[in-house]
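Observations on the model geometry
Here are the chains, one letter per residue:
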Amino acid sequence: MKLLICSDIHGDLDSAEKIIAAADKEAADKILILGDLLYHGPRNDLPKTYAPKEVIKLLNENKTRILAVRGNCDTEVDQMVLEFPILADYALLSLDGISVFATHGHNHNTEKLPPIGKGTVLLHGHTHVLKCEDFGDGNVYLNPGSAALPKEGNPRTYMTYENRTFTVKDFEENTIFIKKFDI
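What comes next is a walk through the structure. All values derive from a computational prediction rather than experimental measurement.

Positionally, serine 146 belongs in the loop between strand S8 (139-143) and strand S9 (157-162). A distance of 3.1 Å separates the side chain of serine 146 from the backbone oxygen of aspartate 8, its partner in a polar contact. In this structure the side chain of serine 146 is engaged in a polar contact, spanning 3.1 Å, whose partner is the backbone nitrogen of alanine 148. For serine 146, the contacting residues outside a window of four places in its chain are Ser7, Asp8, His128, Pro155, Arg156 and Thr157.

Written out as structure tokens, the structure is:
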């Protein structure tokens, strides 16, 4: 299975379109969205192409491909207009024998760890900053950055997962980093 992983679209139509186009080009089986789909939040600037109604339409057109977890800007009102579940605080995934705890990052992160075991990948967005760091007992923290509002000089990015390898790319298809898990 190939996943396209993204976070923090924040209602930006251009970013949502680029995510869907990247998923098509990457031939991703599923799109995992790590929260903050529609609303930009009071601490963020308004995205350049802020159009949440159009983002709703685009995401709903791709609902069978999307897995999502709840971000700090996502609410029950958002769930009323989206035709796929978005209100789970986390998802536990097993990817080719790799345990992955996928969440947004506002409740569970490297400072407030979820109950994860040795070797588990903690995958979250929220900070809008790319990360690939080892921590704890053989654990790895991965953050795909933000599709719409990157911070700390990062480009707008997404991540893929395939064959025990996580890869982060910008929308110009430049590879930013690769994390491979040895068999």
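That was the structure; now back to the text.
Mapped onto the elements, asparagine 109 comes out in the loop between strand S5 (98-103) and strand S6 (121-124). The exposure class of asparagine 109 is buried, given its relative accessible area of 15%. Within polar-contact distance, the side chain of asparagine 109 engages the backbone nitrogen of glutamate 111 at 2.9 Å. Look past the residues within four positions of asparagine 109 in its chain and what remains in contact with it is Pro114, Leu122 and His124.

Below, the discussion takes up helix H2 (residues 52-61). Those residues of H2 not exposed but buried are Val55, Ile56, Leu58, Leu59 and Asn60. Buried residues along H2 sit against helix H1 (13-26), strand S2 (30-33), strand S3 (66-68) and helix H3 (76-81).

With mixed pairing, the six strands of this open sheet are ordered in space as S3-S2-S1-S9-S10-S11. Two strands bound the open sheet, and with one partner strand each, they are S3 and strand S11 (175-180). Looking at each pair of strands side by side, their axes are set apart by 20° on average, direction ignored. Bridge count for strand S1 (residues 3-6) against S9 is three bridges, and the pairing is antiparallel. Looking at the pairing, isoleucine 5 lines up with methionine 159 of S9. Packed on one face of the sheet, H1 meets S1, S2, S9 and strand S10 (165-170) and runs near 155° to S1.

Applying the stated criterion across every chain, the model contains four aromatic pairs. Seen from their ring centres, tyrosine 161 and phenylalanine 166 are 4.8 Å apart, and the 55° between their planes marks the pair as tilted. Here phenylalanine 166 falls in the buried class, since its relative accessible area comes to 0%. Here lysine 179 stacks its cationic end above the ring of phenylalanine 181, 5.6 Å away from the centre of that ring.

Another point: the pattern of salt bridges. Applying the stated rule across the entire model yields 13 salt bridges. A salt bridge links arginine 65 to aspartate 24; its shortest N-O distance comes to 2.9 Å. Of this pair, arginine 65 sits in the loop between H2 and S3 while aspartate 24 sits in helix H1, and the two are 41 residues apart along the sequence. A residue is classified by how much of its surface remains accessible, and aspartate 24, at 49% relative accessible area, is partly exposed. Between glutamate 83 and lysine 63 there is a salt bridge, with the nearest N and O atoms lying 2.9 Å from each other. Here glutamate 83, found in the loop between H3 and strand S4 (90-95), pairs with lysine 63, found in the loop between H2 and S3; they are 20 residues apart in sequence, far enough to count as distant. Each of Lys2, Glu26, Glu162 and Lys169 takes part in one network of salt bridges that share partners.

The rules behind each value
Residues numbered from 1 in each chain as written. Predicted model: local features only at pLDDT ≥ 70, side-chain atom pairs only at ≥ 80, totals over all residues. Heavy atoms only, no water. Helix = DSSP H or I, 4+ residues; strand = E, 2+ residues; numbered from the N terminus. Polar contact = N/O pair within 3.5 Å; in protein donor to acceptor, adjacent residues only side chain to side chain. Contact = heavy atoms within 4.5 Å. Buried < 20%, exposed > 50% of the residue type's maximum accessible area, 1.4 Å probe, protein only. Pairing = 2+ DSSP bridges. Axes fitted to C-alpha atoms, helices over the stretch in contact; angles between N-to-C directions. Phe/Tyr/Trp six-rings, centres within 6.5 Å; stacked < 30°, edge-to-face > 60°. Lys NZ or Arg CZ within 6 Å of the ring centre and 35° of its normal. Salt bridge = Lys/Arg side-chain N within 4 Å of Asp/Glu carboxyl O.

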